[in-house]
Each structure stands twice: as structure tokens, then as C-alpha cells.
Amino acid sequence: MHHDGYEARVDFDEEAETFHGEVINLRDVITFEGASVEELKKAFAESLDDYIAFCRERGEDPEKPYSGQFVVRTEPHLHRELATAAKRAGVSLNKMVTGILERGVTG
């Protein structure tokens, strides 16, 4: 499920006949539930609104979905090999690594 840039995973509890959702593109934990798809969508939006209000009450900025930037630490020889391969391909190191990661995720 998606709402305002946030993504959630939803599971169904067959015994309770309830859907349970959790936002997965944040470090903070936001959960919600509903007995129908309509209730689930409403609960998702309300949980996000509650989270944003709670952060504001505490004087904090709500965490945003991932920015697309992260630091990867690797061995110097691998860094050199990647940089060399990127130059050979005529692309930036960032573009080279992003392409490798995309292939790894999408298979």
C-alpha cells in the first residue's frame, strides 16, 4: 500500500479476520489495522496523520521516506575496481553502483 510517499506491508490475520499494516520505508514504527480494505486505507492515513502530529508536539520533524542516499563502506580494492569499471563504462561511480544494486534487487 502507498500513501503520501509512505509504503506499507499488509498481512491478513485469518483467525481475527483483520488486516494488519506496517509502514516499511521508515525507521520509526507506524502500524495500523482494519477489517476491510476501506478501513485499512483509512487507518493507514490516520496513523500517518497521528505520527506527524505526535512529532510536531515533540518539536521534531517527522521522518521522511528514504531520501535515496546512503553510505556504503567497502574494502579499498573493491572501491578501486568499481571506480575503474565506471570510468571504463563512461559513467559516474554512483551510476555504476546504482545499476548494480538495481540488478541485484530486480534480478
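Preceding block: the structure.
The rules behind the values
- Once a new chain begins, its residue numbering starts again from 1 and follows that chain's sequence as written.
- Under the rules for a predicted model, residues below a pLDDT of 70 receive no local features and side-chain atom pairs below 80 are neither given nor counted, while totals for whole chains, interfaces and linings still include all residues.
- Computation of side-chain values: all heavy atoms of the structure, hydrogens and water removed.
- Criterion used throughout: strands pair if DSSP finds at least two bridges between them.
- A run of H or I in DSSP becomes a helix once it reaches four residues, and a run of E becomes a strand once it reaches two; helices and strands are each numbered from the N terminus.
- Any two residues whose heavy atoms approach within 4.5 Å at even a single point are treated as in contact.
- Axes here mean lines fitted to C-alpha atoms, for a helix over just the part in contact, with angles spanning 0 to 180 degrees between N-to-C directions.
- Here, expected helix span is obtained from the residue count minus one, scaled by 1.5 Å.
- Partly exposed residues are those whose accessible area sits between 20% and 50% of the maximum for their type, while under 20% is buried and over 50% is exposed, using a 1.4 Å probe and protein chains only.
- In plain words, nonpolar cores are sets of buried Ala, Val, Leu, Ile, Met, Phe, Trp, Tyr and Cys residues tied together by side-chain atoms within 4.5 Å.
- In this analysis, rings of Phe, Tyr and Trp, with Trp reduced to its six-membered ring, are considered paired at centre separations within 6.5 Å, and the interplanar angle assigns stacked below 30 degrees, edge-to-face beyond 60, and tilted for intermediate values.

Asker: Got a sec to walk through the sheet that holds strand S2 (residues 6-13)? Specific residues and values, please.
Answerer: Across the sheet, which stays open at both edges, the four strands sit in the order S1-S2-S3-S4 with antiparallel pairing between neighbours. Strands at the two margins of the open sheet, each flanked by one partner only, are strand S1 (2-3) and strand S4 (31-34). Pairing between strand S3 (residues 18-23) and S4: four bridges, direction antiparallel. The partner of His 20 across the bridge, within S4, is Glu 33. Seen against the sheet, helix H1 (residues 37-57) touches S1, S2, S3 and S4 and runs at an angle of roughly 155° to S4.

Asker: How would you summarise H1 if you had to cite specific residues and measurements?
Answerer: Its 21 residues place the ends of H1 30 Å apart at the C-alpha level, agreeing with the 30 Å of an ideal helix rising 1.5 Å per residue. Among the residues making up H1, those that are buried are Leu 40, Ala 43, Phe 44, Ala 45, Ser 47, Leu 48, Tyr 51 and Cys 55. In the core, the buried residues of H1 are packed alongside S1, S2, S3 and S4. In the segment just after H1, Gly 59 is the residue with positive phi, at about 75°.

Asker: Before we move on, can you summarise the nonpolar core with the specific residues and values?
Answerer: Tyr 6, Ala 8, Val 23, Leu 26, Ile 30, Phe 32, Leu 40, Ala 43, Phe 44, Leu 48, Tyr 51 and Cys 55 together form the largest nonpolar core, which totals twelve residues. Contributions of two or more residues to this core are made by S2 and H1. For this core, the leading source of residues is H1, giving six residues. Each residue touching Phe 44, except ones within four places of it in the same chain, is listed here: Met 1, His 2, His 3, Tyr 6, Glu 7, Ala 8, Val 23 and Phe 32.

Asker: Tell me about unusual backbone geometry, and please be specific about residues and values.
Answerer: With a phi angle near 50°, Asp 4 is a residue other than glycine that sits in the positive phi range. Turning to its location among the elements, Asp 4 is positioned in the loop between S1 and S2. A relative accessible area of 64% places Asp 4 in the exposed class. Even without being a glycine, Glu 17 presents a positive backbone phi close to 55°.

Asker: Describe the packing of aromatic side chains, and please don't skip the residues or the numbers.
Answerer: In this structure the tally under the stated criterion is two aromatic pairs. Considering the side-chain rings of Phe 12 and Phe 19, the 5.0 Å spacing of their centres and the 55° angle between planes classify their relative orientation as tilted. Judged by centre distance (4.6 Å) and plane angle (10°), the ring pair of Phe 32 and Phe 44 falls under stacked. Placement of Phe 32 in strand S4 and of Phe 44 in helix H1 is noted, with a sequence separation of twelve residues between them. Owing to a relative accessible area of 6%, Phe 32 belongs among the buried residues under this scheme.

Asker: With reference to specific residues and values, describe the pairing of S2.
Answerer: Of the pairings in the sheet, the one linking S1 to S2 comprises two bridges and is antiparallel in character. Each bridged residue has a counterpart across the sheet, and for His 2 the counterpart in S2 is Glu 7. Between S1 and S2, which pair antiparallel in sequence order, lie two residues; one of them, Asp 4, sits at a positive phi of approximately 50°. In this sheet, S3 lies alongside S2 in antiparallel orientation, the contact comprising six bridges. Bridging across to S3, Asp 11 finds its partner in His 20. Counting the residues between successive antiparallel strands, the hairpin from S2 to S3 contains four residues, one of them, Glu 17, with a positive phi of roughly 55°.

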